[in-house]
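Close look at the chain arrangement
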Amino acid sequence: MPDRSLFLPLPRSFKLGLKLGLKLGVSAALVGLGQGRVCLATETIPASFSSVSSTDLSPAALPFAASPEDLLRMGQEAYDQGALQGAWNAWSRVLTTATTPDLTIASLNALATVEQDLGAWQDAGSHLSQAQHLLQDLLATSPSAPNTAGQARLQAQVWNTQGNFAFRQGHSEQALEFWTQASQIYQSLDDSEGYVLSQMNQIYALRALGFYDRAGKRLDDLRETIGQWPPGSLKIHALQTFGDLLQGFGRSEEAATVFEEAFDLAAQGGLKLLMAEIVLDKAVLAASLAEGQARIPASEVEKTLDYFAQVQGLKPPPLLQVEADLHQFRFLLKVNRPVQALEVWDTLQPRLRELSPSRFSVAAKINVAHSLIRARAGSAISSPLRPFRWPTTLEI
C-alpha cells in the first residue's frame, strides 16, 4: 500500500522528533535547565528579524545580531518549509555562537537531522558523536539535580536522532535500542509528548523487523494518550504520524478518521501548512484505496483528484508542492489518464529542477522514473487531443 513515506525524506515521527527537540529539548537550553518548558510554537521571532525569509536563509541573509535562540527558531521555520540548506545555515551559525554547552548540543543534534536529509551522512555522524561526547562530559560534571533532569531530556533527543540515523541506514535493531533508551528517559521525566514520539519510532522499527503484533498493540496503546493532549501543532503532528502508521497496517478507515481530526484542529488554528500536509495525507490514502479496486469508479478518481487540487489551493511550500505533484502524477498514470498526467508533468518538471540537492530531490526523480517505467510497461498510450510523449531521462 503506497504511503507518503514513498517520497518523504524520513518517516513522519522523525520530523515530529525534530520539532520536539526544538520545542522541548532546546527549551531547556533557552530558559535554564530544569526551570520549565517553552513551546516555541507559541513564540515568534523578534520584529527586527521578521522580514527575514525562512526559505532564503543564506549565510549573508542571517541577521548578524540574532541570538543563538533566535537562530534556532529561524532554522526550525526553514526546515518546516522544506528549506533544508537554510536550516543548515541557521543551525551552523548557532554552533559558532552558542554560549552554553546545552545550546551547542541542541545545534549539533539539529544539524545531524538536516544533514541526513541532505545526504551528508559523514557530517551527520560526526555531529551526533560530538553531541554525545559533550553530553557525557556535561552529565559527569553537573553539580545539581535540576540540570541533570534538563540534560537528560537533551540526551533523549540525541538518542532519538541517533535512532533515526541508524534506521535510515538499514540498522533497525540498533535504532530500536536507541529509541527504547529515549523512551525510558521520557517516561522517567513524565514527558508524554516525548514518550509518544519514541514509541512511534519504535513502531516503525518493530514493523521493519517483522514484529507486527507487538507494533500493532503498541500503536493501539498510544491513541488514548494523544487524545488527552491539548490542541496545538504537536498534537496535530502526532495525529498525522498515528494516521500514517494506521495506514501502514492496512487500517484505512481508522486512518481517515484520524486525518479528519488532525485537519479540524489545524483549520481551527489557521495552520495552513499543516492543513496542506493533512489534505495530502487524505489524497494519498484515497489514491491507495482506489488503486486497490479491480475497477476504480470515476467518482473515486474525482474525489482523489479533488484532494490534490485542495493541496495546491492552500499554496504549500515548494517541497510539499512537488510531493503532491509526484503522488498525483503516479495516480493519474495508474488510472490511465495520460493527458491529465502530462499536464501535471508540465508543472512538476520545472519544480523538480528548482529543488536544491538533497535526498528528497534524488528520491523524487527516481520515483518519477519508476512511475514512468511501470506505466510504459502497462500500456501504449496516445490521445487524439494531445499526442502523449513520455518524458525522457534527461527531462527527469
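Structure first, text after, so check above.
Computed from a prediction, not measured in an experiment: that's the story for all the values here.

1. Here we look at the overall build of the chain
If you tally the helices and strands in the chain, you get 16 helices and zero strands. Within the chain, contacts between residues at least 6 apart in sequence are counted, and of these 64% link residues at least 24 apart. Surface summary for the chain: the accessible area is close to 17,100 Å², and the carbon and sulfur share equals 53%.

2. Focus: the pattern of salt bridges
Scanning the entire structure with this criterion turns up eleven salt bridges. Close ionic contact of R251 with E254 constitutes a salt bridge, the shortest N to O distance being 2.9 Å. By relative accessible area, which is 22% here, R251 ends up partly exposed. Residue classification places E254 among the partly exposed positions, given a relative accessible area of 38%. The salt bridge partner of R337 is E302, with a shortest N-O separation of 2.8 Å. Of the two residues, R337 is situated in the loop between α14 (318-334) and α15 (338-354) and E302 in helix α13 (residues 298-313); the sequence distance between them amounts to 35 residues. Exposure remark for R337: the relative accessible area of 22% places this residue in the partly exposed category. Given a relative accessible area of 41%, E302 falls into the partly exposed group.

3. Points about helix α8 (residues 192-208)
If you check α8, its first and last C-alpha atoms are 25 Å apart, about what 17 residues at 1.5 Å a residue would give, namely 24 Å. Judged by how many residues are buried, α8 sits mostly within the fold: 14 of 17 residues are covered. A distance of 3.3 Å separates the backbone nitrogen of E193 from a side-chain oxygen at the start of α8, and that oxygen is part of D191. Once α8 ends, the next one or two residues include G210, with phi positive near 90°.

4. Comments concerning the packing of aromatic side chains
The final tally for this structure, using the stated rule, is four aromatic pairs. Each ring, one from W121 and one from F165, has its centre 5.7 Å from the other, and the planes form 55°; the classification is tilted. Of this pair, W121 sits in helix α5 (residues 121-141) while F165 sits in helix α6 (residues 145-168), placing them 44 residues apart in sequence. Owing to a relative accessible area of 24%, W121 belongs among the partly exposed residues under this scheme. Here F165 falls in the buried class, since its relative accessible area comes to 17%. Look at F329 and W345: their rings are 5.9 Å apart centre to centre, the planes differ by 40°, and that puts the pair in the tilted class. Linking F329 in helix α14 with W345 in helix α15, this pair joins segments that are 16 residues apart in sequence.

5. Comments concerning the packing of helix α2 (residues 68-80) against helix α4 (residues 101-117)
Two elements in contact, α2 and α4, have axes whose closest approach is 11 Å; the angle formed by their N-to-C orientations is 20°. Considered as vectors, α2 and α4 are oriented roughly parallel to each other. Relative to α4, α2 is oriented so that their crossing is left-handed. Each of P68, E69, L72 and Y79 in α2 lies in contact with α4, whose residues at this interface are L103, T113, V114 and D117. Of the residues belonging to the contact of α2 with α4, the class tally is five nonpolar, one polar and two charged.

6. Topic: α2
Compared with an ideal rise of 1.5 Å per residue, which puts 13 residues at 18 Å, α2 spans 18 Å between its outermost C-alpha atoms and is within 8% of the ideal. Residues of α2 that are buried include every one of P68, D70, L71, L72, R73, M74, G75, Q76, A78 and Y79, and no others. Two residues or fewer after α2 comes G82, characterised by a positive phi angle close to 85°.

7. Let's talk about the environment of A266
Considering the arrangement of structural elements, one finds A266 in helix α11 (residues 252-268). In the structure, A266 is positioned 30 residues away from I236 in sequence and 6.9 Å away in space, judged by C-alpha atoms. Apart from residues lying up to four places away in sequence, A266 is in contact with I236, L271, L274, M275 and I278.

8. Considerations on the side chain of Q321
The topology assignment puts Q321 in helix α14. Among residues more than four places away in sequence, those in contact with Q321 are Q312, P316 and R351.

Rules used in this analysis
Residues numbered from 1 in each chain as written. Predicted model: local features only at pLDDT ≥ 70, side-chain atom pairs only at ≥ 80, totals over all residues. Heavy atoms only, no water. Helix = DSSP H or I, 4+ residues; strand = E, 2+ residues; numbered from the N terminus. Contact = heavy atoms within 4.5 Å. Areas by Shrake-Rupley, 256 points an atom, 1.4 Å probe, with all protein chains shown as cover. Salt bridge = Lys/Arg side-chain N within 4 Å of Asp/Glu carboxyl O. Buried < 20%, exposed > 50% of the residue type's maximum accessible area, 1.4 Å probe, protein only. Expected span 1.5 Å × (residues − 1). Polar contact = N/O pair within 3.5 Å; in protein donor to acceptor, adjacent residues only side chain to side chain. Phe/Tyr/Trp six-rings, centres within 6.5 Å; stacked < 30°, edge-to-face > 60°. Axes fitted to C-alpha atoms, helices over the stretch in contact; angles between N-to-C directions. Parallel < 35°, antiparallel > 145°, perpendicular 65-115°, else oblique. Left-handed = near helix turned anticlockwise from the far one by under 90°. Nonpolar A, V, L, I, M, F, W, Y, C, P; charged D, E, K, R; others polar.

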